[in-house]
Amino acid sequence: MSQTSGSNRIVRVAAGQGFWGDWLDAPRRQVEGGPVDYLMLDYLAEVTMSILQKQKERDPNMGYARDFIGAMESVLPAVVDRGVRVVANAGGVNPVACARAVLEVAAARGAAGKLKVGVVTGDDLLPHLDTLIDRGHALANMETGEPLSTVRDRVLSANAYIGSVPIVEALARGANVVVTGRSTDTALTMAPLRHEFGWGATDWDRLAAGIIAGHIIECGAQCSGGNCLYDWRNIPDLANVGYPIVEATADGTFVVTKHPGTGGRINVPSVTEQLVYEMGDPHSYITPDVVADFASIQLAPDGENRVRVYGIKGRPATDKLKVSIAYRAGFKAVGTLVYAWPDALEKAQLADRVLRERLDNMGLRFDQVLTEFVGVSAAHGPLTPRTTEAPEVQWRIGVRSSDRKAVERFTREIAPLVLNGPPTVTGFAGGRPKVEEIVAYWPALVDKSVVQTKVELLA
Amino acid sequence: MKVRLVDIAHARSGDKGDTANVGVIALRPEWYPLIAESLSHARVAQHFAGVITGDVERFELPNLNALNFLLHGALDGGGTLSLKTDAQGKVFSTAMLRMVLDVDDDRARSLKLPEAPRA
């Protein structure tokens, strides 16, 4: 399906979604704006799985990223008529239901029988959690070291981050669309390249190159001019921003680019900003397939809106997989009011003292109460210099507690301040703050050997 | 000579749990050695004293003219537990760039560094 054959053959992987909630138009624009071989859609953030788990508990046919079905509808002609293949981790905690929904929308649009959907399962560890703990897998929190048993009764979801292998299998078996659960974001890009170029399980450098290609495009436009600090004023036409495309060759070198006629900008600074995003130890970027070394990456300009990436080194993968566990962790609510000139900050500070005194007088217990003054110091805290008087200040107060009633009572205490607190206050039209149940993230490691992935093809 | 980091570097930040990471990138390759020398572990820890509760880790990426810092205990518990506006550490990037460096006059001139506006 690619332009040329032989060692110079180029495979194009386009990013169409950087998170669940990203630009709805992006997938269609990626398949219509120019040649692409694969469309990669990343839907999962750290706590997304738990949200989906709650949805599945209410309805056994839910539990996946519904946006993906609309995205598939919008790219269906490209998939059916031009052979563009789609790889997405939209399956959440119910990849099979997700795949069925894709087939249904295809049938409704006259493409019945024209689609093979590969479904990757096996990342869901929730049904096996007690067995794992009984067998001595502590699933200790990677940040605190605490064993999972301390929160076991509050666990909502537990999913291993899985790598490229099952996605490659699905593609090899002819899937036009591959739907996974909690696969790593980077595997969604690396797997198509591995499949096309036949990279082996120990081609460490090339696997690492595929992972880094994935890291660069997994946040969508964040490497093509979005959220880009470098020369931000002069980045053209963000309204029409082009999402990134990787043009890769078999040796693992690749170019990051975007379709002609789109806005945004791809240059060495924009790609570098994305490379350091959410970076840990850059020498050891650990994935299920390979450990990539970001200190080996070389970047070079390659024409307008083109950056060449080469020289990447990788090392053998570890024998562990990361596990994303979500658990119920109490309740929270955040309230805001806006105070106007003159003395906006002092008024907001007085409102804060008054509210805290009332909460104390009621004897409510909170694990935490946090006040910020937006417009003064919410972004940079004590690093913010005191300059001129703020013309207006948003007072923002949040509380967190295991006691839902305490948080609920807090939400009733904001609006009264409009009439019984400091003056020149506004910004309460949104009504009472909402009480939110906190679903917290528990990262852990598990032996690779206990996770068995499975690939099915649905048509 | 006083030089503002924001005039010689750009940056991006993000989160992993209760840790914010800040990648600092030299605006010109020839400025990277100065930035790497100036942004020592101690200097960055001092800059964020009172803002973060944990340690600072520092990594060099000369191939990208970049440094990466991990600021532990930066996000009030992090993720969904955090009550902060910036629960995901998105604006620690420019918090880092608020730093002002003291650079030897001769070196500043030879590197053509922009001088900080006088207060």
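Scroll up to find the structure.
On the side of chain B, 38 residues touch chain A, which itself brings 49 residues to the contact. Together chain A and chain B conceal approximately 3,600 Å² of surface at their shared face, both sides included; 58% is due to carbon and sulfur atoms. In this structure, the connection of chain A to chain B is made through two salt bridges. Here K16 of chain B ties to E278 of chain A by a salt bridge, and the two come within 4.0 Å at their closest N and O atoms. Elements with a contribution of two residues or more to the side of chain A that touches chain B: α9 (268–275), β11 (298–301), β14 (320–340), β15 (368–374), β16 (392–401) and β18 (436–447) of chain A. Sorting elements by how many residues they give to the side of chain A that touches chain B places α9 of chain A first, with five residues. Considering only residue class, the side of chain A that touches chain B consists of 26 nonpolar, 13 polar and 10 charged.

Further remarks concern the pattern of salt bridges. All names here are of chain A. Summed over the entire model, instances satisfying the criterion amount to 28 salt bridges over all chains. One salt bridge in this structure joins D231 and R265, with 2.8 Å as the shortest N-O distance. You can see D231 sitting in the loop between α8 (204–217) and β7 (245–248) and its partner R265 sitting in the loop between β8 (254–257) and α9, a full 34 residues away along the chain. Taking the relative accessible area as the measure of exposure, D231 reaches 32% and is therefore partly exposed. Residues joined in a network through salt bridges with shared partners are R12, E247, D302 and R306.

Looking now at the sheet that holds strand β9 (residues 285–286) of chain A. Residue and element names in this part refer to chain A. With antiparallel pairing, the three strands of this open sheet are ordered in space as β9-β10-β13. What marks the edges here is a single partner per strand, and that holds for β9 and β13 (313–316). By the bridge criterion, two bridges tie β9 to strand β10 (residues 290–293) in an arrangement that is antiparallel. Its bridge partner lying in β10, I286 is registered against V291.

The rules behind these values
Sequence order as written defines residue numbering, which begins from 1 separately in each chain. The naming scheme follows written order: chains are lettered A onward, ligands numbered 1 onward. Note on the predicted model: pLDDT of at least 70 is required for a residue's local features to be given, and 80 or more for side-chain atom pairs to be given and counted; whole-chain, interface and lining totals, by contrast, use all residues. Only hydrogens and water are set aside when side-chain values are computed; all heavy atoms of the structure are taken into account. Working rule for contacts: check all heavy atoms of both residues, and any pair within 4.5 Å makes them a contact. Buried area is understood as the total, over both parts, of accessible area removed when two parts are fitted together, assessed with a 1.4 Å probe. Salt bridge criterion: a side-chain nitrogen from Lys or Arg within 4 Å of a carboxyl oxygen from Asp or Glu. Every helix listed is a DSSP run of H or I at least four residues long, and every strand listed is a run of E at least two residues long, numbered separately from the N terminus. For this scheme, ten residues count as nonpolar: Ala, Val, Leu, Ile, Met, Phe, Trp, Tyr, Cys and Pro. Four count as charged, namely Asp, Glu, Lys and Arg, and the remainder, Gly too, count as polar. We call a residue buried when its accessible area falls under 20% of the maximum for its residue type, exposed when it is over 50%, and partly exposed in between, using a 1.4 Å probe and counting protein chains only. One requirement defines pairing of two strands: DSSP has to find at least two bridges between them.

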